[in-house]
Amino acid sequence: MAESQVDGVPITLFVDNLDGLVTPAGDGPVRGPAMARLEHHAPAAIAVSGRWIVAAGSREEVRRRVRVDQATTVAATRAADDAALVAATEHHLAAMLRHGTLTAEVKSGYGLDRDTEVRSLRAAEHAGQTQPVEVVTTFLGAHTTPAEYDDGDAYLDYLVAEVLPAVTPHAKAADIFVERGGFSVDQARRYLAECARAGLALRIHGDQFSEIGAIPLAIELGARSVDHLEATGPEGVQLLAESGVAAVLLPVSSLFLRRPYPPARALIDAGAIVALATDFNPGSAFCESLPLAMNLACAQMGLAPAEALVACTVNAAHVIGRGDQLGRLRPGYQADVLLLHAPDWRYLAYHLAGDHIVLRIKAGKPLDSWPSKERR
C-alpha cells in the first residue's frame, strides 16, 4: 500500500474492522476502584507506526484521523492505458480457460473514478470479443471509498451523478460492498435503487467480516445474489433459503485471508441457491482456477462433488442471468462442454491442481485439437 498517515506520522500497520477493542482506562498505574474501569470501543481500529501505536479506539474516530492514500492496485489501474487493461484482462481470462472456465463475470472496482471504471468495463467487453471466454460485466464502483473523498455518502453521490450514466451501457449488473469499512445498509439501499432505475441487475458483497444487514437488504431489493457470507449466522442462512437470492461462496478468499469458510453445508441443507466462484482479484483471491475452488468447497466446506459442480455451473449461470442458456448439457442450452481425461468426472474437484481437461468446446466450437487416442 502507498504511504498512509496519522497527523503526518507514516503508518506501517493498520488493523481495521475489529468487532471491539478493550484497554485499561486512565493514565499511569491504576489503583482501587479504577482497576475495574476499561475503555471499550466497538467497532474499533488500530494504527501503528513502527513499534508504536499512533491511533486506537473507535473505528470512526481512527479512520477520521487516518489519511489512507490509494492502494497500489487502484493507482496502477488508473495509470494503465486501454491496451494494458485489455491485455491484462485477456491474460487472466486465458488462465481461466486453461482451468475450464468458459464464461466469466468481470467486475470493475479498481478505478474508483468515472474514466477508469468505464475503461475497465470497456476493456472487459473488448476482451470478451477477442478470446473465447464469454464475458459478463458488473459495475463495482462502490467497492470502497477512494482517498479523495471524505466519506462514503459523498462518493456514492458522485457515482450516481457522474459514473453510473457512463458505465450503464457497458455493464449488466451493479455491485456494492456492504460491510464495516465499506458501505452501510442505508447507503447501499439508496445507491442500488439508483442502479436498478438505470436498468442494472443488483448484486451485493456482504457478510464477509460481519453481519450488518446485507442479506435482508438483498431480499428487500430483489438482488440476484450476496457474495462472500463468511460471517453469516443461522438467521441469515434461513432468510436466504426462503428467498430467491443466491448465496455466492468464495472459498479461495477464505483461504487467502485465513478467514472462516462460509456456512455452505447449512445453506444447502436449508434449501438456499448456492453458487461457487473463484473471486479472482489481486487483493484477496489471486486464483483463476475454478476446480481449485471446487476442491476447497468439498474438502473444507463439506460439499459433495455433485453439489460443487451444480454450484459452479447452472447456479452460477443463474446469478449472471444466463441460467436458461448455460450450465447444463441439455438440448436448448449453449454447447459449452469440457472433455476430461480422468477415470471419473469427480477428479475435477478431487485432484488438487490437476490437469484433466483435454478439450474445451465453447458455443459449439472446439478450442483445442481433438485429443489423441491415448488421451481420450
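Computed from a prediction, not measured in an experiment: that's the story for all the values here. (Residues numbered from 1 in each chain as written. Predicted model: local features only at pLDDT ≥ 70, side-chain atom pairs only at ≥ 80, totals over all residues. Heavy atoms only, no water.)

(A) The arrangement of the nonpolar core in detail. Counting 61 residues, the largest nonpolar core has Phe139, Leu159, Ile176, Tyr191, Leu249, Leu267 and Leu276 as the members making the most contacts within it. Excluding residues that lie within four positions of it along the chain, Leu267 makes contacts with Leu229, Val237, Leu240, Ala247, Leu249, Ala272 and Val274. Core analysis: the second largest hydrophobic core is formed by 10 residues, Leu93, Met96, Ala124 and Val133 among them. (Core = buried A, V, L, I, M, F, W, Y, C linked by side-chain atoms within 4.5 Å. Buried < 20%, exposed > 50% of the residue type's maximum accessible area, 1.4 Å probe, protein only. Contact = heavy atoms within 4.5 Å.)

(B) Summary view of the sheet that holds strand S11 (residues 173-178). Taken together, the seven strands give an open sheet; going across it, the order is S9-S10-S11-S12-S13-S14-S15, and neighbouring strands pair in parallel fashion. Strand pairing shows two members of the sheet lacking a second neighbour, strand S9 (103-107) and strand S15 (274-276), which therefore form its edges. Strand-to-strand twist in this sheet, taken as the mean axis angle between neighbours without regard to direction, amounts to 30°. With four bridges connecting them, S11 and strand S12 (residues 201-206) associate as parallel partners. Along S12, the bridge assignment pairs Val178 with Gly206. Its contacts with the sheet put helix H4 (residues 114-130) on S9 and strand S10 (134-142), and the angle it makes with S10 is roughly 170°. (Pairing = 2+ DSSP bridges. Helix = DSSP H or I, 4+ residues; strand = E, 2+ residues; numbered from the N terminus. Axes fitted to C-alpha atoms, helices over the stretch in contact; angles between N-to-C directions.)

(C) Looking closely at the pairing of strand S17 (residues 357-362). Most of S17 sits out of view: six of its six residues are buried. The pairing of strand S16 (residues 337-340) with S17 spans four bridges and is classified as antiparallel. For Leu339, the partnering residue across the bridge sits in S17 and is Leu359. Count of turn residues in the S17/strand S18 (residues 365-366) antiparallel hairpin: two residues, of which Ala363 carries a positive phi of about 50°.

(D) Up close: the packing of helix H11 (residues 290-301) against helix H12 (residues 305-312). H12 packs onto H11 with a crossing angle of 135° between their chain directions and a minimal axis gap of 9 Å. Classed by the angle they form, the pair H11 and H12 counts as oblique. With respect to the hand of their crossing, H11 and H12 are arranged in right-handed fashion. Facing Leu290, Met294 and Cys298 of H11, the residues of H12 in contact are Pro305, Ala308, Leu309 and Cys312. Taken together, the residues that form the contact of H11 with H12 break down as seven nonpolar, no polar and no charged. (Parallel < 35°, antiparallel > 145°, perpendicular 65-115°, else oblique. Left-handed = near helix turned anticlockwise from the far one by under 90°. Nonpolar A, V, L, I, M, F, W, Y, C, P; charged D, E, K, R; others polar.)

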